Amino acid sequence: MTLQQVHVRKDALDNATLVEADTAPLADGAVRLKVESFSVTANNITYAVVGDGFMYWDFFPPKANAPEGLGIAPMWGHAVVIESNSDAIAVGERVYGYLPMGTHLDVVPGKVHPGGFTDMTDYRQPMSPVYNTYTRLAADPEHDPAREAERMIYGPLFKTGFIIEYFMRGNDWFGAGQVVMTSASSKTSLGLASVAKQSSPQVKRIGLTSAGNVEFVKSTGLYDDVVAYDDLASLENVPTVTVDFAGNGKLLASLHHHYGDNLKYSCLVGATHIEERGSTFGSGAQLPGPKPELFFAPSHFEAFFKEHGPQEGGKMAAAAWMGFLDAVGDAVTIERKPGLEAARTTYLEMVGGSVNPAQGIVVEP
C-alpha cells in the first residue's frame, strides 16, 4: 500500500513537499487509520513554529529514508480503521484526534474504553496524553455528524480558549477588569472571548485585529470592543491582562509599553505572525510590566481533568462548546478541498500569512 505525506523543512517552514512511500507491515496490536479529513488552521502553523521546543515534530516522524531536517505538521481530524491487529478495535470504526498531514497513520491502542483509546506507540510516550488520545465516534457525546467540519476547524482552538479562561478566572484575572486579545479574528481568540462572555461577563473583552478584519470580528458579537492594531494607543490604560495569539514581537512590546504597570499578566499563546516573532517572543527583554508567560494548554488541561475528572470536566467543556457554536458556528464558510496536495498549498498560504478569517478549510486526502 502507498501512503502520502507532506514533509516540511523545520528550518524553512515555507518549504513543504508532497511525498509518497510504501507502508510497512502492520505491527502486532496496532491498527491502521486512513485519514478521512482534517482542518488546516493557524493552529497548525503554531505547531510548526514551536515544534522543536514542544516536541510537535516528534508525533509523526517522516517515513524511513526521509532526509534529515524534515517533519510532518500535526492536524486534527477524522480517520477510519482500515486494518486491525487489535482485538479491541474493529475495521470500519471511525475516530477523531491528532493526525499527520498525510493519508495514513498506524497507532497502538491502549487504555481502551467505549469512548476512546490512547496511542501507546513507543515514540509518542514522552508527549502529552492530550495529543495521544483518540475519541471513538460511535460513543462520543460531542460527535454530531452534521458538525464534523466545525469540530475540526474550531474544536482544538476553542478548547485552548476554554482552558485559558479557566486559568484566568482561577486567578481572579490577576486583578484586571479587562482582557485584550490579539489576532482577535483567530479561532482561538474567538473561543476565549466566547467562554469569557459566558463565564466571566464582568471582564471587558477587547479584540485587537488588522484593519481589514475589524468588521468581521465585530460581527461575531463576542467582544465588547474591537480595535485595529494601528489604534492600540486609544485603549484605556486601566488594569489589564493581555493574551497574545499573534507572536508578533513589535505588537507585544507596544502592549507592554502602553499599559506599563497596569499590565497585570502577559500571556503568550501561539505564533500566527511567524515572520515577526523575533527575540521578544517568549522573553521579557526590555519590556515594562510583567514578564510574558508562555501558555502550554496541554499541561493546564491535565491539571483541569485531575481536578474535575474526565466526565465532569468533559461536561464543562461541552457546555461551553455548545455556547460557542451557537454564537459563531455559522460565521465561517467551510470549504472542502480534495487531495493531500490541497493540504500542502493551504499550509503554505497560511505560513505566508494569507488567512481569511471568514473561511475554514477542510482537506479530504
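It should be noted that the structure appears before, not after, this text.
Residues numbered from 1 in each chain as written. Predicted model: local features only at pLDDT ≥ 70, side-chain atom pairs only at ≥ 80, totals over all residues. Heavy atoms only, no water.

(A) Just the overall build of the chain, in detail. When helices and strands are counted, the chain shows 9 helices and 18 strands. Rg of the C-alpha trace for the chain: 20 Å, near the compact-globule value of 21 Å for 365 residues, within the 12% margin. In the chain, which comprises 365 residues, the proportion classed as buried is 55%. Long-range contacts, defined as pairs at least 24 residues apart, comprise 71% of the intrachain contacts of the chain with a sequence gap of at least 6. Surface exposure of the chain reaches about 15,000 Å², of which carbon and sulfur atoms provide 49%. Of note, the chain has its 27 positive side-chain charges centred 2 Å away from the centre of its 42 negative side-chain charges. (Helix = DSSP H or I, 4+ residues; strand = E, 2+ residues; numbered from the N terminus. Rg over C-alpha atoms; globule rule 2.2 N^0.38 Å. Buried < 20%, exposed > 50% of the residue type's maximum accessible area, 1.4 Å probe, protein only. Contact = heavy atoms within 4.5 Å. Areas by Shrake-Rupley, 256 points an atom, 1.4 Å probe, with all protein chains shown as cover. Lys, Arg positive; Asp, Glu negative; His and termini not counted. Charge placed at Lys NZ, Arg CZ, Asp CG, Glu CD.)

(B) Geometry of the nonpolar core. Within the largest apolar cluster, 91 residues are counted, with the highest numbers of intra-cluster contacts made by M101, V243 and Y347. A per-element tally of this core places helix α4 (residues 148-170) first, with 11 residues. Sequence-distant contacts of M101, defined by excluding residues within four places in its chain, comprise Q5, V6, V8, F38, I72, A73, M75, L340, A343 and Y347. With 11 residues, the next largest nonpolar core counts L235, L255, Y259 and L263 among its residues. (Core = buried A, V, L, I, M, F, W, Y, C linked by side-chain atoms within 4.5 Å.)

(C) Spotlight on the environment of S210. If you trace the backbone, S210 turns up in the loop between β12 (204-209) and α6 (214-219). Taking the C-alpha atoms as reference points, S210 and V81, separated by 129 residues in sequence, lie 42 Å from one another.

(D) View of helix α8 (residues 297-328). With 32 residues, α8 should reach 46 Å at 1.5 Å per residue; the first-to-last C-alpha distance of 22 Å falls well below that figure. The sharpest bend along α8 comes to roughly 105°, located at G309, with the proline P310 sitting one to four residues further on. (Expected span 1.5 Å × (residues − 1). Bend = angle between axes of the 7 residues up to and from the residue.)

(E) Region of the structure containing the sheet that holds strand β1 (residues 2-9). Read from one edge of the open sheet, 3 strands run β2-β1-β4, paired in antiparallel fashion. Two strands close off the open sheet at either side, each with one partner strand: β2 (12-22) and β4 (70-71). In this structure, β1 lies alongside β4, joined through 2 bridges in antiparallel fashion. Within β4, the residue paired with V8 across the bridge is G71. (Pairing = 2+ DSSP bridges.)

(F) Summary view of the packing of helix α1 (residues 42-49) against helix α9 (residues 340-351). Running from amino to carboxyl end, α1 crosses α9 at an angle of 75°, the nearest separation of the two axes being 10 Å. With respect to each other, α1 and α9 are oriented roughly perpendicular. Contacts from A42, I45 and A48 of α1 reach α9 at Y347, M350 and V351. Per-class residue counts for the contact of α1 with α9 are 6 nonpolar, no polar and no charged. (Axes fitted to C-alpha atoms, helices over the stretch in contact; angles between N-to-C directions. Parallel < 35°, antiparallel > 145°, perpendicular 65-115°, else oblique. Nonpolar A, V, L, I, M, F, W, Y, C, P; charged D, E, K, R; others polar.)

(G) Just the pattern of salt bridges, in detail. One pass over the structure, following the stated rule, counts 13 salt bridges. Of the charged contacts, one joins D140 and R151 as a salt bridge, the two residues approaching to 2.6 Å between their closest N and O atoms. On the criterion of sequence distance, the pair formed by D140 in the loop between β10 (133-136) and α4 and R151 in helix α4 is long-range, its members being 11 residues apart. Through salt bridges with shared partners, one network takes in R32, E83 and D106. (Salt bridge = Lys/Arg side-chain N within 4 Å of Asp/Glu carboxyl O.)

(H) Examining unusual backbone geometry more closely. Of note in the backbone geometry, M55 takes a positive phi value of approximately 65° without being a glycine. With respect to the helices and strands, the residue M55 is situated in the loop between α2 (51-54) and β4. A positive phi angle is found at D172, which is not glycine, with a value near 55°. Exposure remark for D172: the relative accessible area of 57% places this residue in the exposed category.

(I) Representation of the environment of A146. Considering the arrangement of structural elements, one finds A146 in the loop between β10 and α4. In this structure the C-alpha to C-alpha distance between A146 and N132, which are 14 residues apart in sequence, comes to 25 Å.

(J) Quick look at the packing of helix α5 (residues 187-199) against α8. Two elements in contact, α5 and α8, have axes separated by 10 Å at closest approach and are oriented at 110°. On the basis of their axis angle, the class for α5 and α8 is roughly perpendicular. Facing α5, whose interface residues are L190, G191, S194, V195 and Q198, α8 presents A319, A320, G323 and F324. Considering only residue class, the contact of α5 with α8 consists of 5 nonpolar, 4 polar and no charged.

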